[in-house]
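# Structural overview for review
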Amino acid sequence: MPLTNQLRDDILASVPSLRAFAISLSGNGDRADDLVQETLLRAIANIDSFQVGSNLPAWLFTILRNIYYSNYRKRSREVQDSDGLYARRLTVPGDQESHLDLEDFRNALTKLPAEQREVLTLIGASGLSYEEAAVVCQVGIGTIKSRLSRARAKLVELLQLDDAPQPPVERKVRRAG
């Protein structure tokens, strides 16, 4: 099947979602850009294997996911920054609370197992349905729902959202008279 203008436009429309998914997997904007670029190159090179009428974004997400895990296995001999010391030296702390909240969220997200982080990103950030996420991850819908539920519960725990401060209690002041 040749690459039509419509198909090209549909592929390009998926780039922001692909980049967001790539960032969630890799945790690095530059690496995410490389993943997206390689995904697009492979998708165009293998456009004949795309079935018209099937879900193009799911096909692209699957390609990206497969590239990521192939690269992950190749990098297994590289030095990992597991405690994040190197990464923290490269970042500049924000001067507004929203930056801190985002950093807390990113840190909590990295503490989730890869399968939970992946499902949370596919459904929560990329807007895929349970069925589409199940196709991308090659698991059943029940597994997707379970992973998503566990991911959300773990984020609540890590971000301590259930321990939010309560409003102060009004107290009546007794005056000595």
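Further up the page is the structure itself.
Given the structure is predicted, the values throughout are model-derived calculations rather than measurements.

### Concerning a negative patch on the surface
Taken together, the side chains of Glu97, Asp101, Glu103 and Asp104 define an acidic patch exposed on the protein surface. By the element assignment, Asp104 lies in helix H6 (residues 97-110). Owing to a relative accessible area of 41%, Asp104 belongs among the partly exposed residues under this scheme.

### Topic: the packing of helix H4 (residues 56-74) against helix H8 (residues 130-137)
The contact between H4 and H8 brings their axes to 8 Å, and the two run at 35 degrees. Between H4 and H8 lies a crossing of right-handed hand. Contacts between H4 and H8 involve Ala58, Phe61, Thr62 and Arg65 from the former and Val135, Val136 and Cys137 from the latter. When its residues are assigned to classes, the contact of H4 with H8 shows five nonpolar, one polar and one charged.

### Topic: the side chain of Ser24
Following the sequence through the fold, Ser24 ends up in helix H2 (residues 15-26). For Ser24, the side chain forms a polar contact with the main-chain oxygen of Phe21, separated by 2.7 Å. Apart from the residues within four sequence positions on either side, Ser24 is in contact with Arg117 and Thr121.

Rules behind the numbers
Residues numbered from 1 in each chain as written. Predicted model: local features only at pLDDT ≥ 70, side-chain atom pairs only at ≥ 80, totals over all residues. Heavy atoms only, no water. Patch = residues over 30% accessible without salt bridge, like charges linked within 9 Å, V, L, I, M, F, W, Y side chains within 5 Å. Areas by Shrake-Rupley, 256 points an atom, 1.4 Å probe, with all protein chains shown as cover. Salt bridge = Lys/Arg side-chain N within 4 Å of Asp/Glu carboxyl O. Lys, Arg positive; Asp, Glu negative; His and termini not counted. Charge placed at Lys NZ, Arg CZ, Asp CG, Glu CD. Helix = DSSP H or I, 4+ residues; strand = E, 2+ residues; numbered from the N terminus. Buried < 20%, exposed > 50% of the residue type's maximum accessible area, 1.4 Å probe, protein only. Axes fitted to C-alpha atoms, helices over the stretch in contact; angles between N-to-C directions. Left-handed = near helix turned anticlockwise from the far one by under 90°. Contact = heavy atoms within 4.5 Å. Nonpolar A, V, L, I, M, F, W, Y, C, P; charged D, E, K, R; others polar. Polar contact = N/O pair within 3.5 Å; in protein donor to acceptor, adjacent residues only side chain to side chain.

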